[in-house]
Amino acid sequence: MTVKEIVKEHGNKRENLLQILHDIQNQNPDNYICEKAICELSKEMNIPVSGIKGTASFYTMFSFTPRGKYIIRVCESPPCHILGAQTIFEAIELKLGIEVGETTDDGLFTLEGTSCLGVCGVAPAMMINEEVYGNLDKEKISKILSLIQNKERK
Amino acid sequence: MSVNIIINNMEVNVPRDTTILDAAKKIGIKIPTLCYLADLQNPGSCRMCIVEVEGAKALQPSCVTKVSEGMNIRTNTKKVRDARKIILELLLSDHPWECNTCDRNQSCELQKLADEYGINEVRFQSVRERMPLDESTPGIIRDPNKCILCRRCVSVCQDVQGVDTLAPRARGFDTIIAPGQGDMLSEAVCVQCGQCAAVCPVGAISEKDDIDKVWEAIDDPNKFVVVQTAPAIRAALGECFDLKPGALIKGKMTTALRRLGFDKVFDTNFTADLTIIEEGTELLTRLKKALVDKDKNVALPMFTSCSPGWVNYMESFYPELIPNVSTCKSPQQMFGAVAKTYYASKVDKKKEDIIVVSIMPCTAKKFECNRDEMNDSGVKDVDYVLTTRELGKFIKQAGIDFINLPDEEMDAPLGTSTGAADIFANTGGVMEAALRTAYEIVTGKELPFKGLHIAPIEGLKGVKEASLKIEGTTKEWRFLEGVTLDVAVAHGLGNAKKLIESIKSGEKSYHFIEIMACPGGCIGGGGQPRMTTDAIRQARINAIYKEDEGRKFRKSHDNPAIKEIYEEFLIKPLGEKSHHLLHTTYTNKKEPSPKK
Amino acid sequence: MLKKSIAQILVGIDSNSVLSGARKIKTRIITEINKQGISDQVQVIETGSIGPINEGVVIGIYPSGEIYANMTEDVIEEFIRERFIKGRPYKKLLLSKKLSTGVDTTTYDSRKTQHYGRIVLENCGKINPEDIEEYIGADGYEALGTALEEKTPEGIIKTVKDSGLVGRGGAGFPTGLKWSFAKAAKESPKYIICNADEGEPGTFKDRLIMEGDPHKVLEGMAICGYAIGANTAYIYIRGEYQLSIQRLTKAIKDAEKLGLLGKNIFGTDFNFNVKIKIGAGSYVCGEETALLNSMEGLRGEPRLKPPFPAESGFLSKPTNVNNVETFANIAPIILNGSEWFKKVGTESTPGTKVYTILGHIKRPGLIEVPMGITLREIIYDYAGGMSSGKFKMAQIGGTAGDIFSSKLLDVPLEYQELQKLGHNLGSGAILIMNETVSIANFLTCCMKFFVHESCGKCSVCRIGTRQMYEAFKRLEKKEAYFDELETIKELAGELKLTAFCPLGQSVASPVLSALKYFGKELVQGVNPDKKHEPVTRENMNRGFKPLVYGNK
Ligand SMILES: Cc1cc2nc3c(=O)[nH]c(=O)nc-3n(C[C@H](O)[C@H](O)[C@H](O)COP(=O)(O)O)c2cc1C
Ligand code: SF4
Ligand code: SF4
Ligand code: SF4
Ligand code: SF4
Ligand code: SF4
Ligand code: SF4
Ligand code: SF4
Ligand code: SF4
Ligand code: FES
Ligand code: FES
Ligand code: FES
């Protein structure tokens, strides 16, 4: 969908900005909101670019730089932390060779830290795109990532 | 309705909706502030102004907390002082400690508070990343490292100017104030009005400093350096030397400029008078084409063009108005073009050897003099622009004891001017000056208003309008007999936008419109001494009207030097020479589009 | 019409299991259940990941808790017959692991709660949340009907006031009183907002309520709408809660179809529309005024109060904001009366409280218990005791909450008792930790959260949280300045006194309580010889890595 169509679907009132930004980001193959889209959005919604960027950059789910196809968001809040979130980060860093904030060379994964995902019952937890994974340990991480890698390589 | 409250054991009676801050001010108690900006914003976010209110658990921000009956307030207890100290320590923890080399040394609100609160140690380590300096535009320089995120600039750029260039970006500790597009101002649409620089409490936004370049020119024996001063300077420069807002210091300023080593001290007022002749004629010509020739292509209303901040805004936001904007250059640029041609030949100098320095209330003028169109004399028409604030520093650098200077007169002929030129400095002034001349051209009579002042377009109301019925026209102008001339005035770009939208929607229609980018007009320009509040704007305006009223000549067409330049050089308004030297063109710069 | 099912089959649908054919298997199970004639007793529910990963399609059985892995289509017939007709475990695919907290299940001790009965979670795990008829079967929407037909708005507000219900979003403000403010507001339209942002670490009660019984929340909102005179409502829900979003969306649609939401509800002239707004990752947006900004498409920074939302809220109109759990309490109160509600809980805080209990305990999960039970009871009666090690401390109310030492194991958990000790109940998350957790390390993590989530509007919180984080990092490495603890204490005190919004103010809670109960341990991180470095150009702005990830 074009920016224009997305705006049309939600209505061009400012109240709908977050929803529209979600949609714009989701349909971008690199999982981010590009400068061009922001400019178009500015015209469609009659909101200055500075206002759109100011809003979008406030929220951790939006990005202005290209990201991987899969965004791994590992929870680093206290409940996950005491049950081993750090080892989860390490396992992912080891497996994918990227640090927090980075994207793998094949463009598949971006690793991010996040605040509580609200699934602390299965801490430590992470989300890969919209899917939640809980009760994680090193082995599970490795399996989950391999599964995605295999699927993508096919 | 008023309420009784107690501040520091003193009883006060204040109106119901007063803030604690204002109530305290009333009895001479100063409460420190950083994010608060009179007339404009009080986000209550810097927390410097917190006070103890009996019964409240937390400390209360006095800039936003309204008084209530019986309130018992303490503004300087240990609790309050400790809290303010910690806030300052936190702000300073990531602040570059560069006061000595900072534009705001000695005029910085943060520095001053650190002094007042005796901050002799900062217990917190610096953790912020160093960010690059933004020197990308001719007028404004930003040092994000010094920013304390008070958001005064954001408020001004968004709410007053409606340009929406600056906005907060990211969040929490990583929050910065950044231009909408890209990281540098030049990548975004910024009209260079400098209003942000005028309100910044610290050295995070300032005008680009050109003092050294001017020193260099003055020190160069091969250069003939002339200076022009805009009308708005004479009512504000005194503030740089702790005089009251509105102190008139034209004579001292002239002496100071001469002692600084300028070869000639001239006046932008001269070309302000010239602007009136050219622009007035342009208006009458347009009216004639529309009314007599029934020319449908004539663009009316006509807009003034002397404010480069407005011109920049128009080119980016309303390029469809380009045909409506007077083709006259601003007085500063007319001056440059005339100085390097007419005056150069008068004193037998090569234009290359003349350096024109402008003293302007304005940062947009720094931008304007660098526009590609602005070299009609064959070289750059205006070489350097200094703001009022820079001139203040310049004079101090030269060791001139400004306050005790004698008064001197400006040089002829480019220093000769009228009261009509003075009032260019404030909102409504250009309109009034234009009508003083146009009305007299058309009717042969003086503008029929008390003191030649058009009361409805004076003052600080955002959008003002007036109607003038033309009666008793001379033969040549008979077609205007009985016509009611509708004019409007807006200052501050947010107000300009409102006015333009009301015209576009068909709700309003006018013949002539004056727009100045800065609130209050040039007297409230982005390069004027800090801080500018509405009260200070009004004081400066009053001073300007006083200056006008004290003049021998109060109408541009009465200026003998203007008569002379037409006789000797320009021949006639809108003539070939005028067209070449005094008029300009505009460019459609409608944005936004991706910059990278 | 009540379809009380005896058992539920939870089919874990996540990206892995889908790859292994989970959706096909779900359809197959339903077909088989119908075929074998037990569809009125066994219900199939779709849920997120059940736990085991890379074990093919995984299903769980509720309430017994077995987990079966690697389900394939060809075993389903046999599986259903064995497990539900014959009633014995299907050994072939049975995993030794039990359904633990499960994303969608609840762990609670029936011995305790049976006595009082559950209020908020009454239907969770019993009815199919995606079937409005089941909710109606469980007396659903009866309260709304009663309210519209028999009660005046004033009467409803009085009942809610009398019930003593206080908001469950953390601030503990009396709900009835809040409604009366919104009702008194003159301007129109008025709005209702259900705060489902739930960002407090360790809290996921609202999610389970929305996933397990979405209609209960909607019904509470509609009653509120009638009471205060609002016809439009929004649920502001965090972007991560995909299943809640789906279930609520469906619930709204279903209710509209039956005339329980939308125009002329129950044939009266009351109209009530509910829309969903999705957040985008920001804890502070749970603060009601920040939430309003976020809903208006602005940066989620808190607004100045006054004006309060009841006077000027969403789009500057009168707005009533309540938490999910608060709304879920409404229908039962209206249906059973305020006296009934007051029988549960303590005198000052009636009703139940839904807690999420986590950490080093045997059975982490969700419980609904009467107000006023103690930490000891929670750990040993509900959570099955410590999973490993000895109890060291608990953090009550999420990351913004106080840290309790073993001294406080027997304090009743309810608003007033805690206030006496200078503590707070907060959001209802209880994180229990054993002695392996170092206090400095734990607080570093807490502070990282605040740095991450501070909106940056006010200087004390923006810079103060970051400096706190740095200080605890130093303490953890035993490299803290000689006066670090005093500085921390002072800074925490100032945050409490001067921060713009409760986020900044609440940073003080974990810090000050930790200093109070674990000061001795923290002192060990101080290096008495370490003095402050004088500021020089070299150590200014040395360029630390930003803590907020993402690419702004
Ligand atoms: C930083 C912060 C985060 C909050 N997060 C939530 C939240 O996620 N959910 C919630 O219901 N209330 C949250 N609150 C409380 C709300 O501001 C508000 O008090 C509440 O939604 C009112 O509902 P109640 O009266 O039903 O409790 C938060 C408050 C603060 C200061
Ligand atoms: S390009 Fe225009 S709309 Fe965009 S930020 Fe700049 S001024 Fe605002
Ligand atoms: S902004 Fe103020 S405190 Fe900062 S370096 Fe400049 S003068 Fe000093
Ligand atoms: S104020 Fe202090 S630091 Fe600054 S120049 Fe003077 S002596 Fe040096
Ligand atoms: S100069 Fe004017 S337009 Fe540019 S950022 Fe400053 S206030 Fe905005
Ligand atoms: S640049 Fe200046 S005015 Fe703007 S936020 Fe920073 S300190 Fe305040
Ligand atoms: S009034 Fe403004 S535009 Fe006109 S000459 Fe003065 S500074 Fe220039
Ligand atoms: S109003 Fe005056 S000071 Fe402001 S931009 Fe225009 S010319 Fe410059
Ligand atoms: S206390 Fe923190 S979260 Fe609250 S307004 Fe201030 S910076 Fe924002
Ligand atoms: S703390 Fe990690 S999901 Fe809640
Ligand atoms: S001046 Fe009052 S909070 Fe900033
Ligand atoms: S936020 Fe107002 S100056 Fe700091």
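Computed from a prediction, not measured in an experiment: that's the story for all the values here.

### A word on the overall build of chain B
Secondary structure assignment for chain B yields 18 helices and 17 strands. In terms of overall dimensions, chain B has a C-alpha envelope of 80 × 60 × 55 Å along the principal axes. Considering chain B as a whole, with its 596 residues, one finds that 63% of them fall into the buried category. Within the structure as shown, chain B displays about 22,100 Å² of accessible surface, and the carbon and sulfur contribution to it stands at 50%. Within chain B, one finds 79 positive and 82 negative side-chain charges whose respective centroids are separated by 3 Å.

### With respect to the pattern of salt bridges
In the structure shown here, the tally under the stated rule is 79 salt bridges over all chains. Linking lysine 69 of chain A and glutamate 152 of chain A is a salt bridge whose minimum nitrogen-to-oxygen distance equals 2.9 Å. Here lysine 69 of chain A is found in the loop between helix H4 (49-56) and strand E1 (70-75), whereas its partner glutamate 152 of chain A is found in helix H7 (residues 138-153), with 83 residues between them in sequence. Relative accessible area serves as the criterion here: at 40%, lysine 69 of chain A is assigned to the partly exposed category. When salt bridges that share partners are traced, they join Arg168, Lys205, Asp206, Glu325 and Lys353 of chain C into one network.

### A word on the interface of chain C and chain B
Facing 47 residues of chain C, the contacting portion of chain B comprises 45 residues. Together chain C and chain B conceal approximately 4,000 Å² of surface at their shared face, both sides included; 54% is due to carbon and sulfur atoms. For glutamate 301 of chain C, the salt bridge goes to arginine 151 of chain B, with nearest N and O atoms at 2.8 Å. Linking chain C with chain B are 17 residue pairs in polar contact (both at pLDDT 80 or more), by the criterion used here. When residues of the side of chain C that touches chain B are assigned to their parent elements, the largest contribution, nine residues, is made by helix H18 (residues 459-476) of chain C. A per-class count over the side of chain C that touches chain B returns 17 nonpolar, 14 polar and 16 charged.

### Re the interface of chain C and chain A
With 66 residues of chain C at the contact, the number on the chain A side is 52 residues. In total, about 4,800 Å² of surface goes out of reach between chain C and chain A, with carbon and sulfur atoms giving 58% of it. Of the charged contacts in the structure, one is a salt bridge between glutamate 240 of chain C and arginine 73 of chain A, with a shortest N-O distance of 2.9 Å. Broken down by secondary-structure element, the contributors of at least two residues to the side of chain C that touches chain A are helix H1 (15-19), strand E7 (273-278), helix H12 (288-295), strand E9 (352-359), strand E13 (429-434) and helix H17 (439-453) of chain C. Looking at which element gives the most residues to the side of chain C that touches chain A, the answer is H17 of chain C, with eight residues. Among the residues forming the side of chain C that touches chain A, the class breakdown is 28 nonpolar, 24 polar and 14 charged.

### Overview of the nonpolar core
In terms of nonpolar packing, the biggest core is built from 232 residues, with Leu41 of chain A, Trp310 of chain B together with Trp179, Met221, Phe272 and Met447 of chain C touching the most fellow members. Beyond its immediate sequence surroundings of up to four residues, tryptophan 310 of chain B is in contact with Phe303, Thr304, Leu321, Val325, Leu493, Ile500, Ile515 and Ala517 of chain B.

### Overview of the sheet that holds strand E4 (residues 131-133) of chain A
All names here are of chain A. Spatially, four strands are ordered E2-E1-E3-E4 in an open sheet, and the strand pairing comes out mixed. Of all strands in the sheet, those with a lone pairing partner are strand E2 (109-114) and E4, marking the two edges. In this sheet, neighbouring strand axes are inclined to one another by 20 degrees on average, regardless of whether the strands run parallel or antiparallel. Judged from the three bridges that link them, strand E3 (residues 126-128) and E4 form a sheet pairing that is antiparallel. Considered in E4, the bridge of methionine 127 is made with valine 132. Together, E1, E2, E3 and E4 form the strand contacts of H7, whose direction differs from that of E3 by roughly 5 degrees.

### Let's talk about the domain arrangement of chain B
Residue and element names in this part refer to chain B. Each assigned domain of chain B is listed here: domain 1 (2-76) and domain 2 (91-207). Inter-centroid distance (C-alpha atoms) of domain 1 to domain 2 is 27 Å. Taken together, the contacts link 11 residues of domain 1 with 16 residues of domain 2. Overall, the association of domain 1 and domain 2 removes approximately 980 Å² of surface from exposure, summing both partners, and the carbon and sulfur fraction of that is 63%. Seen at the junction of domain 1 and domain 2, the total is one salt bridge. The residue glutamate 116 makes a salt bridge to lysine 30 at a minimum N-O spacing of 3.3 Å. For the pair domain 1 and domain 2, the interface holds five residue pairs in polar contact (both at pLDDT 80 or more). Grouping the amino acids of the side of domain 1 that touches domain 2 by side-chain chemistry returns eight nonpolar, two polar and one charged.

Procedures and definitions
- Residues numbered from 1 in each chain as written.
- Chains lettered and ligands numbered in written order.
- Predicted model: local features only at pLDDT ≥ 70, side-chain atom pairs only at ≥ 80, totals over all residues.
- Heavy atoms only, no water.
- Helix = DSSP H or I, 4+ residues; strand = E, 2+ residues; numbered from the N terminus.
- Buried < 20%, exposed > 50% of the residue type's maximum accessible area, 1.4 Å probe, protein only.
- Areas by Shrake-Rupley, 256 points an atom, 1.4 Å probe, with all protein chains shown as cover.
- Lys, Arg positive; Asp, Glu negative; His and termini not counted.
- Charge placed at Lys NZ, Arg CZ, Asp CG, Glu CD.
- Salt bridge = Lys/Arg side-chain N within 4 Å of Asp/Glu carboxyl O.
- Contact = heavy atoms within 4.5 Å.
- Buried area = accessible area lost by both parts, 1.4 Å probe.
- Polar contact = N/O pair within 3.5 Å; in protein donor to acceptor, adjacent residues only side chain to side chain.
- Nonpolar A, V, L, I, M, F, W, Y, C, P; charged D, E, K, R; others polar.
- Core = buried A, V, L, I, M, F, W, Y, C linked by side-chain atoms within 4.5 Å.
- Pairing = 2+ DSSP bridges.
- Axes fitted to C-alpha atoms, helices over the stretch in contact; angles between N-to-C directions.
- Domains from an automatic or database assignment.

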